[in-house]
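# Tertiary structure, described
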Amino acid sequence: GAGVSQSPSNKVTEKGKDVELRCDPISGHTALYWYRQSLGQGLEFLIYFQGNSAPDKSGLPSDRFSAERTGGSVSTLTIQRTQQEDSAVYLCASSLSYQETQYFGPGTRLLVL
Amino acid sequence: QQQVKQSPQSLIVQKGGIPIINCAYENTAFDYFPWYQQFPGKGPALLIAIRPDVSEKKEGRFTISFNKSAKQFSLHIMDSQPGDSATYFCAADPRYSSASKIIFGSGTRLSIRP
């Protein structure tokens, strides 16, 4: 079946604008994760969802970052008032349930000018 | 502590050589240790994983060696090929315990020269 999909694949925005990143998990996967990968860096955990609830938001770097998941499926990561340091690849992953193998999407490359 | 320390940051090996990537963790609550492979423009994909009750796991040309007492594990790639050129991430995962969440290493950019 289809893997994890993310959109857009690339996003260029101006400092101060808001952006929305979308993740479509694998059908039937109840857990969904967001990570940030800065150039040449590892994977920084942002938030995870089990169903529609987010038991762990500990990785969100500031209150400009928020995420929601509706219908236990699609998730949206929103960054308000973007800053240049927000430039990174934002990766989404899903798993059958929490602590099962995570399957990653191709990422959204965000550039804040 | 929740860190996973990965080394080296980058590695260049001739085709046929055996690149070795090392990771060390601190929290003994981690009980599952996967390696992910990431090609440019793609998301990471699970390559191979090990539980701490075994010292070695082999899948094809990829081998994980695990040292529980030292809290270290490593990835070896036998007969490396140019197609193995990618970034490799180790991770420590509390898969079978209730502690915390998966922690990734910082990645190793591997280049296999023809």
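Let us look at the state of the cysteines. Summed over the entire model, instances satisfying the criterion amount to two disulfides over all chains. The side chain of Cys23 of chain A participates in a disulfide bridge whose partner is Cys92 of chain A; the two sulfur atoms lie 1.8 Å from each other. The S-S bond linking Cys23 of chain A to Cys92 of chain A shows a torsion near -65 degrees; that makes this disulfide left-handed. Remark: Cys92 of chain A occurs in strand β9 (residues 88-95) and Cys23 of chain A occurs in strand β3 (residues 19-24); sequence separation between them is 69 residues. What pairs with Cys23 of chain B in a disulfide is Cys90 of chain B, and their sulfur atoms sit 1.9 Å apart. Handedness of the Cys23 of chain B-Cys90 of chain B disulfide follows from its S-S torsion of about -95 degrees: it is left-handed. In this pair, Cys23 of chain B is assigned in strand β3 (residues 20-25) and Cys90 of chain B in strand β9 (residues 86-92), connecting sequence segments 67 residues apart. Cys90 of chain B matches Cys23 of chain B in its accessibility class, with the two residues each being buried.

Residues and elements named next belong to chain A. Taking strand neighbours across the sheet as the criterion, the four strands line up as β1-β3-β8-β7 in an open arrangement whose pairing is antiparallel. Single-partner strands in this sheet number two, and they are β1 (5-7) and β7 (65-69). Taking the axes of each pair of neighbouring strands and ignoring which way they run, one obtains an average angle of 15 degrees across the sheet. With three bridges connecting them, β1 and β3 associate as antiparallel partners. Looking across to β3, one finds that Gln6 is bridged to Cys23.

Here the focus is the sheet that holds β3 of chain B. Residues and elements named next belong to chain B. The strand order across the open sheet formed by five strands is β1-β3-β8-β7-β6, and the pairing between neighbours is antiparallel. Among the strands making up the open sheet, the edge pair consists of β1 (4-7) and β6 (56-59). Sheet twist, expressed as the mean angle between neighbouring strand axes with direction ignored, is 15 degrees. Relative to strand β8 (residues 72-77), β3 runs antiparallel, the two being bridged by five bridges. Paired with Cys23 across the two strands is Phe73, which belongs to β8.

With that settled, the discussion passes to unusual backbone geometry. Peptide bonds are mostly trans, and most non-glycine residues show a negative phi. The linkage connecting Ser7 of chain A with the following residue, Pro8 of chain A, adopts the cis geometry, with an omega of -10 degrees. Looking at where Pro8 of chain A falls in the secondary structure, it is placed in the loop between β1 and β2 (10-13). The amide bond that connects Ser7 of chain B to the next residue, Pro8 of chain B, takes the cis arrangement and shows omega of -5 degrees. With respect to the element layout, Pro8 of chain B can be found in the loop between β1 and β2 (10-14). Notably, Arg81 of chain A is not glycine yet its phi reads approximately 45 degrees, a positive angle. Note on placement: Arg81 of chain A falls in the loop between β8 (75-79) and β9.

About the criteria used
Residues numbered from 1 in each chain as written. Chains lettered and ligands numbered in written order. Predicted model: local features only at pLDDT ≥ 70, side-chain atom pairs only at ≥ 80, totals over all residues. Heavy atoms only, no water. Disulfide = S-S within 2.5 Å. Helix = DSSP H or I, 4+ residues; strand = E, 2+ residues; numbered from the N terminus. Buried < 20%, exposed > 50% of the residue type's maximum accessible area, 1.4 Å probe, protein only. Pairing = 2+ DSSP bridges. Axes fitted to C-alpha atoms, helices over the stretch in contact; angles between N-to-C directions.

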